[in-house]
Amino acid sequence: MLEEYVVKQNKRLRCGYTTGSSAAAAAKAAADRLLGGGEASQVELMTPKGILLRLNVEEESRGEGFVSCGVRKDGGDDPDATDGLLICARVEYAGDKSDGPQVVIEGGAGVGRVTLPGLEQPVGTAAINRVPRKMIEEAVLERCLAHGFGGMLKVTVFVPGGEEVGKRTFNPRIGILGGISILGTSGIVEPMSESALIHSIKVEMKVQLERGNGYLVVIPGNYGAVFSRNELGIDADRAMKCSNFIGETVDFAAELGAKGLLLIGHIGKFVKLSGGIMNTHSRNADCRMELLAAAALRAGAPPRVLSEILQAAAADEGLRILKEAGFLQGAMEQVTERAGFYLK
């Protein structure tokens, strides 16, 4: 167990380690056993973040010219579908070379395959990202040098149960099928990491732009998804989720050359855009009723209506008050005009 912690929202949360770290550690242990016959129950791995991991080795298997080992993924206190999965690596001899050791990396059962363009790895390849590939290669080369081996080794990463778990992850939305991804840029999982979620938004956007016409349908969550499907007939596969990160999503769209965005969501989130609030999580800013009241004021609503809106508990109640007072259309025009200004 990794004893690294972060504090989020006044809670002390334990960090974990990525599927990439697990795969690299498993490959290192398997290479060590193949080349030197080692049997240590733990393997050490230095992560890109500079944190040294000491991980237990499980499920060793040996055969003619190969060894496979597994390391169990530990996500710490981060909610993660891959937590507890055994990430395995089979290392085998793949030919002699005179110009120094070489490592070939492939994905086996339970590791997803890329089926759509726009992702880090090309279509048809295993969903093992660049940093984990580098970690695996460096870990295995280290063992080659330690044992004086100058030939080629093939590493096949596989995950028992990975195909079923992969269906419950983000992978199907971005065209990774057949299993989980081997991920991680630091080697360490930071619980409730906003950076990881924001990165996933950019990844999905790249895929949507590659398969579409340059325009994006963006929804924060379930309200937008249900409305898009039931009221507008938009296929769920054509809409991408942005959670609360509206500002980052717009920035990514500009960076990636999108032609336009259609934002679809609940008034409780999107009214905040009319105040220039680009992260719509309630802990960053609320102001829903204040912004509705400001829009109503600009639309000509009297003080009585403004007071009722400010006392309302939810944005839906505010809309009801506006509708009954006859100012709903005018107030919504003010909201959308101001939101459009800040988004642009």
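Everything here concerns the structure above.
Residues numbered from 1 in each chain as written. Predicted model: local features only at pLDDT ≥ 70, side-chain atom pairs only at ≥ 80, totals over all residues. Heavy atoms only, no water.

Visitor: So what about the overall build of the protein? Which residues, and what values?
Guide: Each helix and strand in the protein was counted, giving 11 helices and 18 strands. In terms of overall dimensions, the protein has a C-alpha envelope of 85 × 45 × 30 Å along the principal axes. A separation threshold of at least 6 residues defines the contact pool for the protein, and within that pool the share at least 24 residues apart is 68%. Carbon and sulfur atoms provide 50% of the accessible area of the protein, an area that totals close to 16900 Å². Averaging the coordinates of the 39 positive side-chain charges in the protein and doing the same for the 42 negative ones gives two points 3 Å apart. (Helix = DSSP H or I, 4+ residues; strand = E, 2+ residues; numbered from the N terminus. Contact = heavy atoms within 4.5 Å. Areas by Shrake-Rupley, 256 points an atom, 1.4 Å probe, with all protein chains shown as cover. Lys, Arg positive; Asp, Glu negative; His and termini not counted. Charge placed at Lys NZ, Arg CZ, Asp CG, Glu CD.)

Visitor: Account for the sheet that holds strand β12 (residues 152–158), with residues named and values stated.
Guide: With mixed pairing, five strands are arranged side by side in an open sheet as β6-β7-β8-β12-β9. Both outer strands of the open sheet, β6 (58–63) and β9 (102–107), are each paired with one neighbouring strand and no more. Averaged over all adjacent pairs, the angle separating strand axes in this sheet is 15°, with direction ignored. As paired elements, strand β8 (residues 86–93) and β12 share six bridges and run antiparallel to each other. By the bridge assignment, Glu92 is partnered in β12 with Lys154. (Pairing = 2+ DSSP bridges. Axes fitted to C-alpha atoms, helices over the stretch in contact; angles between N-to-C directions.)

Visitor: How would you summarise the nonpolar core if you had to cite specific residues and measurements?
Guide: Core analysis: the largest hydrophobic core is formed by 46 residues, its most contacted members being Ile136, Val140, Val155, Val157 and Ile182. Take this core: its biggest share by element is 10 residues, from helix α1 (residues 19–36). Apart from residues no more than four positions distant in its own chain, Ile136 is found in contact with Ala23, Ala24, Ala27, Ile105, Ile128, Val155 and Val157. (Core = buried A, V, L, I, M, F, W, Y, C linked by side-chain atoms within 4.5 Å. Buried < 20%, exposed > 50% of the residue type's maximum accessible area, 1.4 Å probe, protein only.)

Visitor: Let's hear about the layout of surface pockets: which residues, and what values?
Guide: Reported here for the second largest pocket is a volume of approximately 270 Å³. Looking at the second largest pocket, the residues that line it are Leu263, Ile267, Phe270, Leu273, Leu319, Met332, Val335, Thr336, Ala339, Gly340 and Leu343. Looking at the lining of the second largest pocket element by element, the count peaks at six residues for helix α11 (residues 328–343). Of the residues in the lining of the second largest pocket, the class split is nine nonpolar, two polar and no charged. (1 Å grid on protein atoms, 1.4 Å probe; cavity = no way out; pocket = protein on both sides within 12 Å on 5 of 7 lines; lining within 4 Å. Points joined across faces, edges and corners; volume = space filled by probe spheres on them. Nonpolar A, V, L, I, M, F, W, Y, C, P; charged D, E, K, R; others polar.)

Visitor: Please set out the pattern of salt bridges residue by residue, giving values where relevant.
Guide: According to the stated counting rule, one finds 18 salt bridges in the structure shown. In this structure, the salt-bridge partner of Asp74 is Arg14, at a minimum N-O distance of 2.9 Å. Linking Asp74 in the loop between β7 (66–72) and β8 with Arg14 in strand β2 (residues 11–14), this pair joins segments that are 60 residues apart in sequence. This pair shows no difference in class: Asp74 is buried, exactly as Arg14 is. Residues Glu44 and Arg54 are paired through a salt bridge, measuring 3.0 Å at the closest nitrogen-oxygen approach. Residue Glu44 is located in strand β4 (residues 42–46), and its partner Arg54 is located in strand β5 (residues 52–56); the two are separated by 10 residues in the primary sequence. Classification of Glu44 by relative accessible area gives partly exposed; the value is 40%. One salt-bridge network, in which partners are shared between bridges, spans Lys28, Asp32, Glu142 and Arg143. (Salt bridge = Lys/Arg side-chain N within 4 Å of Asp/Glu carboxyl O.)

Visitor: Go over the packing of aromatic side chains with me, naming the residues and quoting the values.
Guide: Counted according to the given criterion, the structure contains two aromatic pairs. With a centroid separation of 5.7 Å and 55° between ring planes, the pair formed by Tyr93 and Phe149 is classed as tilted. Of this pair, Tyr93 sits in strand β8 while Phe149 sits in the loop between α2 (130–146) and β12, and the two are 56 residues apart along the sequence. Exposure remark for Phe149: the relative accessible area of 17% places this residue in the buried category. The ring of Phe66 has Arg90 lying over it, and the distance from NZ or CZ to the ring centre is 3.8 Å. (Phe/Tyr/Trp six-rings, centres within 6.5 Å; stacked < 30°, edge-to-face > 60°. Lys NZ or Arg CZ within 6 Å of the ring centre and 35° of its normal.)

Visitor: Break down unusual backbone geometry for me, with residues and values.
Guide: When glycine is set aside, most residues are seen to have a negative phi, and most peptide bonds are trans. The backbone of Ser243 sits at a positive phi, close to 55°, despite the residue not being glycine. Here Ser243 lies in the loop between β17 (239–241) and α6 (246–255). For Cys287, which is not a glycine, the phi torsion comes out positive at approximately 60°. Assignment of secondary structure puts Cys287 in the loop between α7 (267–270) and α8 (288–298). According to the relative accessible area criterion, Cys287 is partly exposed, its value standing at 34%.

Visitor: Describe the side chain of Asn244, listing the residues and the values that go with them.
Guide: Residue position: Asn244 is located in the loop between β17 and α6. Residue Asn244 is classed as buried on the basis of its relative accessible area of 11%. Within the structure, the side chain of Asn244 is placed 3.4 Å from the backbone nitrogen of His281, a separation counted as a polar contact. Excluding residues that lie within four positions of it along the chain, Asn244 makes contacts with Lys269, Met278, Asn279, Thr280 and His281. (Polar contact = N/O pair within 3.5 Å; in protein donor to acceptor, adjacent residues only side chain to side chain.)

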